[in-house]
Structure formats: structure tokens, C-alpha cells
Amino acid sequence: MAEEIKVERKKKSLSLIQPTSIPTLGNYLGAMKGWPSFQEDFDTVFGIADLHSITVRQEPKKLREQTTQLYALLMAVGLDPEKSILFVQSHVPQHAQLGWILNCYTMFGELNRMTQFKDKSAQHADNVNSGLFTYPCLMAADILLYQADIVPVGNDQKQHLEIARDIAERFNGIYGNVFTVPEPYFPKLGARVMSLADPTRKMSKSDPNPKGTVYLTDEPGVIMKKFKSAVTDSEMSVRYAEGKDGINNLMTIYSAVTGDSFEKIEADFSGRGYGDFKKAVGEAVVAELEPVQKKYNELMSDKAYLKEQWTRGADTASRISQRTLDKAMKKVGFLAK
């Protein structure tokens, strides 16, 4: 009798990204560059969190454009709709539906302790809306709908995952085993990229200085110009050391895209000026982003194909998430149609 071969199930992972801006070089080198290999190791679900984005007022036309651009960029960096579920959150109404149910199983005091609510309330004092307050309930629904085993998180989202776990455990405690309780997953992070204009601060989409941030869709000439104007120091020595934040940042970026060690970089640029090094870093980044931008431009020129892919992604996401939603609704006591 042939021996039965047991195939171990891949753990399911869920990641959402908001379409509030074009991702930066920091987003790419810090996380996105590693996503294609991540989908080989896990059963991956990637979503564009456009429902979450409207806790802050968005310009409608711009939001639609940025959602389309982000979908194309996710595919351009290597996410494959044949290997991952890739969808737009607002196309899957089960998120909002389960989000409301989970609102009713989340305590006011729990939400009131959320650090991000306090931070965003201070940033947007003229629009402290209830969606901003109940954001973690929708995030919990995002995760629990797909019975995700793991959720890749950074420090800024750890608290939201903790409350998602608390909500799942509370619901399960009342109704039995409905939701998988997700575990945090701390991926091996890529380079931590700082602002080119202020290397003591992280490169950010919201940097008020346009010279500080490189976007994935920046044209080569724009990228070169930003690197040539990058803040450095007066020493003119390419070496990694305390107090040399600008050069340390440029060396980090160069190492991330070329694979060269800091020792090799120091040796290669020994006796050469900062101008040479800035030019080399800019050229390396342009070369790194060239295939991404080429694929992105191809995708953006075929909107019908993009729509076909996000429709297919939404159909798959809806089918999977509906099973969980049906189970939760039955447990709560809603009448089946």
C-alpha cells in the first residue's frame, strides 16, 4: 500500500496597505521588496485598505487614482494574482458588515486606549470622526474574515493586532470556535530609509520637503536630482559613523540595492567626494526601480486588465470571507435569508 504523503498547509497571512499616497523608496526597501518571496512561504492575502483611508478626508478623484496606481504597483513589485489574493477592500462588503458586528463586541474603553486614535485626533482635530475611533474593529474584521494565522506588523500596528486578538477571543468565548486568533509576525525588515532632506527622520509620504522623499514612480531625472541634493556633512569622507546621519543613510540605501557591505562601500569610495557617491547611489536606485517602473507603466496603460484582476481578486476574497461572515452571523442569531 502506497504511503500517504501529508502536505503541510501553509499558514495564511494578511496584509493591507492604504492608498493615501504613492509608496516611497523607504516603503519599498523596508518591506515591499520582500513581499514576492513572502508569497512563496505563506498563503497570502493582500488588500488595499481604501475603507480605512477615509477616516481622513480624501479628494474622491485622487483616491480612485491612487487606488488604481497602488494596485498596479503591488503587481509591479512582484505580487502575483495567481499566487496571492489581491483585492480592494471596498469591493468586498463583508469587511464593513463584520466590522459592524465586531463594533458590538468591543468595549469603549479598549478603543479609547488606542494610541493611533489619540495621535490622529491631534493631527486632524477638525475631523475626529467615529470611524477613526472604531478603526480597530474594521481592522479586526479584515484579519478575522480570512481566518489569518499571522499578520505581519510593525511597531505602529502592534496595538491594533492585540485588540483584534482580544475581540476574537471574546467572540469565541461566547460562541465557540468562530475565528482563528491571529499571531503577530515580525518579518525580517529591509533597510530603514531616512529622509534625504533630514536624515534624522524616517522617509515619509507626508514629508513637507519634497526633496526628502523618493517615490516609486519618480522619473530617473527626478530621483537623481533628489539624491544630488541629499543632506550630508562637511567631512567629505564616505564612511559609516556616529554623527554622519546623511552619509549613513545613503550608505544604507546603496547597500540595500547593490548588496555591497559598508566595508566595501567605504573601500570603493575612499578618497572620492560626496558628489561621486551621491551620483552612484542615485544611479543604483534608478537601476533598482527600472523594472518596477517598466511593469507599472505597462499595467497603467491597460486599465481593463487591472480591472479584470481586481474584480477577480474581489470575487475570491468575497467567497472566502462570506463563509466566515455567515458563521459569525448565525452564532449571533441573525436570520438566514
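Before reading further, recall that the structure is shown in the block above.
Numbering of residues starts from 1 in each chain and follows the order in which that chain's sequence is written. Per-residue local features of the predicted model are confined to residues with pLDDT of at least 70, and side-chain atom pairs are confined, for both listing and counting, to 80 or more; whole-chain, interface and lining totals are unaffected and use all residues. Computation of side-chain values covers all heavy atoms of the structure but excludes hydrogens and water.

Q: Tell me about the environment of Glu65, and name the residues and values.
A: In this text, helices come from DSSP runs of H or I with a minimum length of four residues, and strands from runs of E with a minimum of two, each type numbered from the N-terminal end. Mapping Glu65 onto the fold places it in helix 4 (residues 60-76). Linking Glu65 and Asn129, residues 64 residues apart in sequence, is a C-alpha distance of 24 Å. Engagement of the side chain of Glu65 in a polar contact is seen with the side chain of Lys61, the distance being 2.8 Å. Counted as a polar contact is a pair of N or O atoms within 3.5 Å, where, for protein atoms, one must be capable of donating a hydrogen and the other of accepting one, and residues adjacent in sequence contribute only when both atoms are in side chains.

Q: With reference to specific residues and values, describe helix 13 (residues 274-300).
A: Given the number of residues in a helix, its expected span is that number minus one, multiplied by 1.5 Å. Over its 27 residues, helix 13 runs 37 Å from end to end, which matches the ideal 39 Å to within 8%, given 1.5 Å per residue. A residue's bend is given by the angle between axes fitted to the 7 residues ending at it and the 7 residues starting at it. At Glu290, helix 13 shows its maximal bend, which comes to roughly 40 degrees, and the proline Pro291 appears one to four places after that position.

Q: Describe the state of the cysteines, naming the residues involved and giving the relevant values.
A: Cysteine sulfur atoms that come within 2.5 Å of each other are treated as a disulfide pair. Following the criterion strictly, the structure yields zero disulfides and no others. Cys137 provides the cysteine sulfur closest to Cys104, a residue in no disulfide bond, and the two sulfurs are 8.8 Å apart. Accessibility here uses a 1.4 Å probe with only protein chains present; expressed as a share of the type maximum, an area under 20% marks a residue as buried, one over 50% as exposed, and anything in between as partly exposed. You can call Cys137 buried: its relative accessible area is 1%.

Q: Explain unusual backbone geometry residue by residue, including any values.
A: Backbone geometry places Gln147, a non-glycine residue, at a positive phi of 50 degrees. Position of Gln147 among the secondary structure elements: in the loop between helix 8 (130-145) and strand 4 (150-152). Of the residues examined, Gln147 reaches a relative accessible area of 22% and is grouped as partly exposed. Unusually for a residue other than glycine, Met236 sits at a positive phi of about 65 degrees. Summarising the element assignment, Met236 is placed in the loop between helix 10 (220-228) and helix 11 (245-258).

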